[in-house]
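Inside the fold
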Amino acid sequence: MGRVFFDTRKNVHELTADYQCLASDSGKTFVLNSTSAMTVTLPTDANALIGWNCKFIVKTENDNTYTIFSGDNADSGGDDFVGGLTLAVAGVSSTSNGANGRFIAPAADDCNIVLDGNGTNTAGSKGSYVNVIKLTANEWNVDGIILTDDTTSDGTGLFTDTD
């Protein structure tokens, strides 16, 4: 009798331009591959059930910004990020003379994740990744590791709010 294998290949979708995620994209891995500014918008509440999830991986470092937008920028009730990202710096910390790793948590109304290879206090080198999962009607949990070679980056630019 033959063997049956499940989940042997990930559902991968390469992105080279702005993209609006669909309900059917749940479970996908999105590969970010552009040198131009690009925004990926997560599905709205009407299009994403609790548990909708995806992963983003940086294939090409972008100095013009990859933005992952929650889909709703309304303060106090819009879709916001919770959880956080680990900023990993490929170098000696500018403040502690040791390995540099910082946990970066979003503020209450942050609805954007900004990955920029040369932006101030952000990051997004090749291999960086972000996981998102819809927790509640107004919250996306986020985790991941964001890589940079900028030893002065403190990660405060990774999450932003737009009104």
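Residues numbered from 1 in each chain as written. Predicted model: local features only at pLDDT ≥ 70, side-chain atom pairs only at ≥ 80, totals over all residues. Heavy atoms only, no water.

**Things to note about the overall build of the protein chain**
Secondary structure summary: the protein chain contains 0 helices and 13 strands in total. Going residue by residue from the N terminus, the α and β elements of the protein chain occur as β-β-β-β-β-β-β-β-β-β-β-β-β. Put simply, the protein chain has 163 residues, and 41% of those count as buried. For the protein chain, the exposed area adds up to about 8200 Å²; of that, 51% sits on carbon and sulfur atoms. (Helix = DSSP H or I, 4+ residues; strand = E, 2+ residues; numbered from the N terminus. Buried < 20%, exposed > 50% of the residue type's maximum accessible area, 1.4 Å probe, protein only. Areas by Shrake-Rupley, 256 points an atom, 1.4 Å probe, with all protein chains shown as cover.)

**Things to note about unusual backbone geometry**
Phi is positive for Thr-65, close to 85 degrees, though the residue is something other than glycine. By secondary structure assignment, the location of Thr-65 is in the loop between β5 (53–58) and β6 (66–69). In this structure Thr-65 comes out as buried when scored by relative accessible area, which is 18%. Positive phi outside glycine occurs at Asn-121, with the angle close to 55 degrees.

**Some remarks on the pattern of salt bridges**
All told, the structure shown has 3 salt bridges when counted by the stated rule. The closest approach of N and O atoms between Asp-25 and Lys-28, which form a salt bridge, is 2.7 Å. Residue class for Lys-28 comes out buried when judged on its relative accessible area of 13%. Here Asp-79 ties to Lys-134 by a salt bridge, and the two come within 3.2 Å at their closest N and O atoms. In this pair, Asp-79 sits in the loop between β6 and β7 (80–83) while Lys-134 sits in strand β11 (residues 129–136), placing the two residues 55 residues apart along the sequence. In this structure Lys-134 comes out as buried when scored by relative accessible area, which is 1%. (Salt bridge = Lys/Arg side-chain N within 4 Å of Asp/Glu carboxyl O.)

Worth remembering: the numbers are spatial, not functional.
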